[in-house]
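# Observations on the model geometry
Residue strings, one per chain:
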Amino acid sequence: MNADVVVVGAGPVGLLLAAELRLAGATPLVLDRLARPTSEPKARGIGPLAAEALRRRGLGEDLAKFQEQGLADKARDHGSEKGHFAQIHKIDPDLQEEPERTGALIWQPDLERILTEHLASLGVPVQREHEVTALAQDDSGVTLTVRTPEGERRVRAAYVAGCDGGRSTVRKLAGFDFPGTAPTSVVRRLIGDISGMERLPAPGWQSTGMFMSAPGMVATVEHDGFPEDREAPLTGEEMRDSLLRVTGVEVEVTAVRDTLRFTDVARQAATYRLGRVLLAGDAAHVHSPNGGQGLNLGLMDAVNLGWKLAATVTGRAPDGLLDTYTAERHPVGAAVLHNTRAQSALLRPGAHAAAMRDIVSDLLDLPEVNRYFGRLLNGLGTRYDLPYPATHPLTGRPCPDLRLTLPSGVTRTLAELAASGRPLLVHAPSQPEIAQAAAPWRGELDVVEATVEDHDDLSAAFVRPDGTVAWASGPGPADTTTLTAAFHAWLPPA
């Protein structure tokens, strides 16, 4: 074997997955077909769940470096720091149930640099200019045929994880079904030198689509005029023609520095695992970027899969652990496709969609509706179905960054205690029965005696490596029977 797991794709999802695998004791190998990371901005922010996951790995300060500039960019572009649903910028962070749980505004290339450095610190290099051209799996592993500058080579691993984007080669070679819906809109954006911009109308809705602009940048949203070749780069002529269709004004693009074109096609792999091949990120699901959910969704795929796959390849997984990856993450992906399709419907031109947008805009003035849409987009409403009773409201949900006071009087946050990537059990000094129940698994998790300072209804929690609360208890005697069931579900046999 060349590695326990070959991760194909060195974007944010592949980099984070490889890091999670290494932290959990597996040996990953990362391959990417590009000679260097792309400078294309793509996403420019992650939601609270992904930000919390990175803070748990000690990357909070790195994220914070980009936050102030990100807020300035957002306010400049949109005139508001509020979130949006279908470009209705009314989702107010101050109205949300957990306003302290924040994401991070960071351009994707900057995030990739942070994750590349994080992965390198764990001793895992990225092998670039390595393009997968064939895949064959058997009962004991997967063999990849890889094209490199030195010629073709074979790479063997116990498992392969496809993190290679929406046009995933791994997904196609392994034979995953990828059903979904055809695009209804196409977005074009060009940065360069544009003559005649002063004649363009004010940015906003036009009769045939949407037009946006900034100094040296123009963008359109159309609901027809799809390119014949989606793989071909956006040209100045194509951008000029799109502007003419949307605004009725002809301009001249004299220089092109950066372009982007994408549609709202929505597809999701029928399963995220076929034998020894798994998918994460855009390889598993593609959808409209409305609401800024795609990068957050993919990164949470990575943290959910990493520890489970590592436990499997190192022989420490309880029965069926790897199957819970699809069981937990597929419904989350489906929910994102659902709400982005709704946003696409609201963004269509015409009187019917405009009427619905007006009604949704009015509804967003109601605090509870605002919170509903906030949960829809930030992922904080995610709750996994667990194979035992949920005895506390936090069970199955992403754990907030708890503030914990140790017996020494020192205060720590959950993120500070979770940097190792191991399962974590926190319990109050008044609950020794919890430590007793955990005794058979002490080698497999970190046990911390501490008092939870910021949640009155919480005195103990068993937190999985991905930040999910596997079990929780309020003050008083703890339900150790369910806690033991949680240990059996997520940890190696005692």
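See the structure above.
Note that the structure is a prediction, hence the values are computed from the model and not measured.

### Looking at the overall build of the protein chain
- Assigned secondary structure in the protein chain consists of 14 helices and 25 strands.
- Against the globule reference of 23 Å for 494 residues, the protein chain gives a C-alpha radius of gyration of 24 Å, in line with a compact fold.
- With respect to the principal axes defined by its C-alpha atoms, the protein chain has extents near 75 × 60 × 35 Å.
- Taken over 494 residues, the protein chain has a buried fraction of 52%.
- Long-range contacts, defined here as pairs at least 24 residues apart, represent 70% of the contacts in the protein chain between residues at least 6 apart.
- Approximately 21,300 Å² of the protein chain is accessible, and the part contributed by carbon and sulfur atoms is 52%.

### Some details on the pairing of strand β12 (residues 209-214)
- In this sheet, β12 lies alongside strand β11 (residues 204-206) in antiparallel orientation, the contact comprising three bridges. Residue pairing across strands places glycine 204 opposite phenylalanine 211, the latter belonging to β12.
- Sheet topology note: the β12/strand β13 (residues 217-222) ladder contains six bridges and is antiparallel. The residue of β13 that forms the bridge with methionine 210 is valine 221.

### Side note on the nonpolar core
- Counting residues in each nonpolar core, the largest one holds 70 residues, and the members touching the most others are Val6, Ile46, Leu63, Leu111 and Leu144.
- At eight residues, the largest contribution of residues to this core is made by helix α8 (residues 294-313).
- Those residues within four positions of leucine 63 in sequence are excluded, and the remaining contacts are Ile46, Ala51, Leu54, Ala104, Ile106, Leu111 and Ile114.

### Examining the layout of surface pockets
- Here the second largest pocket defines a volume of roughly 620 Å³.
- Lining of the second largest pocket is provided by 34 residues; of these, Pro331, Val332, Ala335, Val336 and Thr382 occupy positions nearest its centre.
- Every element with two or more residues in the lining of the second largest pocket is listed here: α8, α9 (323-346), α10 (351-363) and α11 (367-378).
- Broken down by element, the residue count for the lining of the second largest pocket peaks at twelve residues, all from α9.
- The residue inventory of the lining of the second largest pocket, partitioned by class, reads 20 nonpolar, nine polar and five charged.

Cut-offs used in this document
Residues numbered from 1 in each chain as written. Predicted model: local features only at pLDDT ≥ 70, side-chain atom pairs only at ≥ 80, totals over all residues. Heavy atoms only, no water. Helix = DSSP H or I, 4+ residues; strand = E, 2+ residues; numbered from the N terminus. Rg over C-alpha atoms; globule rule 2.2 N^0.38 Å. Buried < 20%, exposed > 50% of the residue type's maximum accessible area, 1.4 Å probe, protein only. Contact = heavy atoms within 4.5 Å. Areas by Shrake-Rupley, 256 points an atom, 1.4 Å probe, with all protein chains shown as cover. Pairing = 2+ DSSP bridges. Core = buried A, V, L, I, M, F, W, Y, C linked by side-chain atoms within 4.5 Å. 1 Å grid on protein atoms, 1.4 Å probe; cavity = no way out; pocket = protein on both sides within 12 Å on 5 of 7 lines; lining within 4 Å. Points joined across faces, edges and corners; volume = space filled by probe spheres on them. Nonpolar A, V, L, I, M, F, W, Y, C, P; charged D, E, K, R; others polar.

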